[in-house]
Amino acid sequence: MSKILVVDDEPDISDLIALHLGREGHECVCIPNGLDAVAAVLNHQPDIVVLDLMLPGMDGIQIFRRLKADSRTRAVPVIMLTARSQMADRIAGLELGADDYLTKPFSPRELALRVTAILRRTQKVTHVSEVQIGPFLLDRKNMKLFISGNTIDLTTTEFKLLAVLMENDRSVHTRADLLREVWGYNDEVATRTLDTHIKRLREKLGDAGKHIVTVRGTGYQFVSSNLD
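In this report, the structure presented in the accompanying data block is examined.

Definitions and limits used
Residues numbered from 1 in each chain as written. Predicted model: local features only at pLDDT ≥ 70, side-chain atom pairs only at ≥ 80, totals over all residues. Heavy atoms only, no water. Helix = DSSP H or I, 4+ residues; strand = E, 2+ residues; numbered from the N terminus. Buried < 20%, exposed > 50% of the residue type's maximum accessible area, 1.4 Å probe, protein only. Areas by Shrake-Rupley, 256 points an atom, 1.4 Å probe, with all protein chains shown as cover. Axes fitted to C-alpha atoms, helices over the stretch in contact; angles between N-to-C directions. Parallel < 35°, antiparallel > 145°, perpendicular 65-115°, else oblique. Left-handed = near helix turned anticlockwise from the far one by under 90°. Contact = heavy atoms within 4.5 Å. Nonpolar A, V, L, I, M, F, W, Y, C, P; charged D, E, K, R; others polar. Core = buried A, V, L, I, M, F, W, Y, C linked by side-chain atoms within 4.5 Å. Arc of directions from axis to C-beta. Phe/Tyr/Trp six-rings, centres within 6.5 Å; stacked < 30°, edge-to-face > 60°. Salt bridge = Lys/Arg side-chain N within 4 Å of Asp/Glu carboxyl O.

Observations concerning the overall build of the protein chain
Reasoning step 1: Across its full length, the protein chain carries eight helices and 12 strands.
Reasoning step 2: Put simply, the protein chain has 228 residues, and 50% of those count as buried.
Reasoning step 3: When the accessible surface of the protein chain is summed, it comes to about 11000 Å², and 47% of that surface belongs to carbon and sulfur atoms.

Section: the packing of helix α2 (residues 37–44) against helix α3 (residues 60–69)
Reasoning step 1: Taken N-terminus to C-terminus, the directions of α2 and α3 make an angle of 40 degrees; their axes are 9 Å apart at the nearest point. In terms of their interaxial angle, α2 and α3 are classed as oblique. The hand of the α2/α3 crossing is right-handed. Contacts between α2 and α3 pair A37, V38 and V41 from the former with I63, R66 and L67 from the latter.
Reasoning step 2: Across the contact of α2 with α3, the residue classes tally to five nonpolar, no polar and one charged.

Remarks on the nonpolar core
Reasoning step 1: With 28 residues, the main nonpolar core has L145, L161, L162 and L205 as its most contacted residues.
Reasoning step 2: Where this core is concerned, the elements lending two or more residues are β6 (130–133), β7 (136–139), β8 (144–147), α6 (156–167), α7 (175–183), α8 (193–205) and β12 (219–222).
Reasoning step 3: Ranked by the residues each element gives to this core, the list is headed by α6, at seven residues.
Reasoning step 4: Residues in contact with L161, not counting those within four places in the same chain, are L178, V182, W183, L194, H197, I198 and L201.
Reasoning step 5: Core analysis: the second largest hydrophobic core is formed by 24 residues, A37, I63, L96 and A98 among them.

Things to note about α2
Reasoning step 1: The complete set of buried residues in α2 reads A37, V38, A40 and V41. Taken around the axis of α2, the buried residues stretch over an arc of 160 degrees, which confines them to a single face.
Reasoning step 2: On its buried face, α2 is in contact with β1 (3–7), β2 (27–31), β3 (48–52) and α3.
Reasoning step 3: At the C-terminal side of α2, Q45 shows a positive phi close to 50 degrees.

Some points on the packing of aromatic side chains
Reasoning step 1: Counted under the stated rule, the structure contains one aromatic pair.
Reasoning step 2: Residues F136 and F222 carry aromatic rings whose centres are separated by 5.2 Å and whose planes lie at 85 degrees to one another, so their mutual orientation is edge-to-face. Within this pair, whereas F136 is found in strand β7, its partner F222 is found in strand β12, the two being separated by 86 residues in sequence. Comparing F136 with F222, the two get one shared label, buried.

Notes on the pattern of salt bridges
Two side chains with opposite charge may pair up if their charged atoms get near one another.
Reasoning step 1: Using the criterion set out here, one finds 13 salt bridges in the structure.
Reasoning step 2: In this structure, the salt-bridge partner of E110 is R114, at a minimum N-O distance of 2.5 Å. Here R114 and E110 lie together in helix α5 (residues 108–126), a separation of four residues that amounts to about one turn.
Reasoning step 3: The exposure class of R114 is buried, given its relative accessible area of 15%.
Reasoning step 4: Several salt bridges converge on common partners, so that one network encompasses D8, E10, D52 and K104.

That's the geometry; what it means functionally is another story.
See below:
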């Protein structure tokens, strides 16, 4: 059983989420306002947070930034949930480092599938060892990335994405392959999620981001040549 923290001020939405995730065998804790959200994450230690952006007291963006700024909560995956349907809002949420994004109205079944996909990849990360290429060291047990001994803070999804690329050095990964491996999506999903995460990952890696190479019309690859 996994624990899911739902932060949403609409009781009908929270109850709907809890009902469907409960049917999947998950335990749900529902919080109706933003002010209690960060403390609830610390107290309940959920496996995933489903976070609405429009909340009383403190909005979802503020909550998300506080979670990622705290080493105790940084690695907790977050699915953003909001009534905002504009593409700009979706991209803004993903650029902050959210693991996934759903707009209202949404399918409870789709939410359950996305929760399952995130749980699969986070559990997988926990049980594998280190991967080292040049100055890159992925400590998959503790979900940490080091470059030349310096720690680089990554979200769960960014970590998983880099790990998939590094494990198959020089192999070209198609967009469909990466969406399936990292997000659990099928081949027909049309989304900018992958590109947004690649952009943010490169920014965090700084100069080392050049080793994530775009293969035009196909996808991405990790190229280790000329690593110092």
